[in-house]
Amino acid sequence: MDPKILFGEIFGTMFLILLGDGVVAGVLLAKSKAQNAGWIVITTAWAFAVFVGVVVAAPFSGAHLNPAVTIGLAVRDMKFDTVPVYIIGQMIGALIGAALVALHYWPHWKETEDPGLKLAVFSTGPAIRSYAFNFISEVIGTFVLVFVIMAFGDHTASIGPLAVTVLVWSIGMSLGGTTGYAINPARDLGPRIIHQLLPIPGKGSSDWAYSWIPVAGPMVGGVLAALVWNVYKGLVA
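Okay, so let's go over this structure.

## Considering the packing of helix H1 (residues 3–28) against helix H4 (residues 83–104)
At their nearest, the axes of H1 and H4 sit 7 Å apart, and the two run at 35° to each other. The crossing of H1 and H4 is right-handed. Partitioning the contact of H1 with H4 into residue classes produces 16 nonpolar, six polar and two charged.

Listed below in structure tokens is the structure:
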């Protein structure tokens, strides 16, 4: 297990989740100075969170920060030996980042009445619950993410964090309104586990019935992006 990959992904994903879920907490939780700042603030800050995560992780792991990206790149190149260490690092980082968000906003959980808002800080949910179309939304959003990352170059680090920031910002603004654009299994599953485990005042269900959508949808989207990318690259070569 390569420690550079492991710790690069842990720290990069930790900062991604801390700042990404952090802005959602700021916008949704009661008595936050950012309360009701809106969707543009969330999508913009999430994009900036990606920037920070990539800067932290890129020199050590290439900054996947996302199992769907890791799996997509592995399918593209047919190289799977480092997949487990990437995903382990991403999940550990997501758990730590979500726990830090819970701690940072601790007084605000009690002040917030709606348990649905508390869950939304940690994990995504659909605007209209339709498992089939929610799944399709996550597939499409992640397909765009992984395909365009492949278009940038062989590694996220090679094109710089700003390009990925703009990409995630674009996906959030254009495609995120249906499901909250998880487009990253670790981003959703890790914080959902933290929501389940921590004694957050007044929390409700962690909505495990929906939880497979932001895990399976992005994984399928990442694999499809890799397969289509290889075909596309063959056609234009």
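Continuing now.
## Some points on the nonpolar core
Counting residues in each nonpolar core, the largest one holds 48 residues, and the members touching the most others are Leu16, Trp46, Trp109, Val121, Phe122 and Leu145. Looking at this core, the element that brings in the most residues is helix H2 (residues 39–61), giving seven residues. For Leu16, the residues in contact, after removing those within four places along its chain, are Asp21, Trp46, Ala49, Val50, Leu65 and Asn184. One finds Ile5, Leu6, Ile10 and Tyr86 within the second-largest nonpolar core, a separate group that totals five residues.

## Some thoughts on the environment of Val52
Among the structural elements, Val52 can be located in helix H2. Between the alpha carbons of Val52 and Thr13 there is a distance of 9.4 Å; along the sequence they are 39 residues apart. Not counting residues up to four positions away in its chain, the partners in contact with Val52 are Phe15 and Leu19.

## Some remarks on H4
If you check H4, its first and last C-alpha atoms are 32 Å apart, about what 22 residues at 1.5 Å a residue would give, namely 32 Å. For H4, the full list of buried residues reads Val83, Val85, Tyr86, Gly89, Gln90, Met91, Gly93, Ala94, Gly97, Ala98, Val101 and Ala102.

## Considerations on the pattern of salt bridges
One pass over the structure, following the stated rule, counts five salt bridges. Note that Asp77 is salt-bridged to Arg76, the shortest N-O span being 2.8 Å. Note on Asp77: relative accessible area 37%, which makes it partly exposed. Overall, Arg76 belongs to the buried group, its relative accessible area being 12%.

## Focus: the packing of aromatic side chains
The final tally for this structure, using the stated rule, is 10 aromatic pairs. Measuring from ring centre to ring centre gives 6.2 Å for Tyr131 and Trp212, while their planes differ by 55°; the resulting arrangement is tilted. Of this pair, Tyr131 sits in helix H7 (residues 131–152) while Trp212 sits in the loop between helix H10 (185–197) and helix H11 (213–236), placing them 81 residues apart in sequence. Take Tyr131: its relative accessible area is 34%, and that puts it in the partly exposed class. Assessed through its relative accessible area of 40%, Trp212 is described here as partly exposed. Relative to Tyr232, the ring of Phe147 lies with its centre 5.7 Å away and its plane at 50°, an arrangement referred to as tilted. A residue pair is termed long-range when its members are at least 10 positions apart, and Phe147 in helix H7 and Tyr232 in helix H11 qualify at 85 residues. Its relative accessible area of 18% is what places Phe147 among the buried residues. By relative accessible area, which is 41% here, Tyr232 ends up partly exposed. Taken together, the aromatic side chains of Tyr131, Phe135, Tyr210 and Trp212 make up a single cluster linked through ring pairs.

## Topic: unusual backbone geometry
Of note, Leu65 is a non-glycine position whose phi angle comes to about 60°, a positive value. Its place among the elements puts Leu65 in the loop between H2 and helix H3 (67–77). The class for Leu65 is buried, based on a relative accessible area of 4%. A positive phi is found at Asp207, a non-glycine position, where the angle reads about 55°.

Here is what the cut-offs are and how they apply
Residues numbered from 1 in each chain as written. Predicted model: local features only at pLDDT ≥ 70, side-chain atom pairs only at ≥ 80, totals over all residues. Heavy atoms only, no water. Axes fitted to C-alpha atoms, helices over the stretch in contact; angles between N-to-C directions. Helix = DSSP H or I, 4+ residues; strand = E, 2+ residues; numbered from the N terminus. Left-handed = near helix turned anticlockwise from the far one by under 90°. Nonpolar A, V, L, I, M, F, W, Y, C, P; charged D, E, K, R; others polar. Core = buried A, V, L, I, M, F, W, Y, C linked by side-chain atoms within 4.5 Å. Buried < 20%, exposed > 50% of the residue type's maximum accessible area, 1.4 Å probe, protein only. Contact = heavy atoms within 4.5 Å. Expected span 1.5 Å × (residues − 1). Salt bridge = Lys/Arg side-chain N within 4 Å of Asp/Glu carboxyl O. Phe/Tyr/Trp six-rings, centres within 6.5 Å; stacked < 30°, edge-to-face > 60°.

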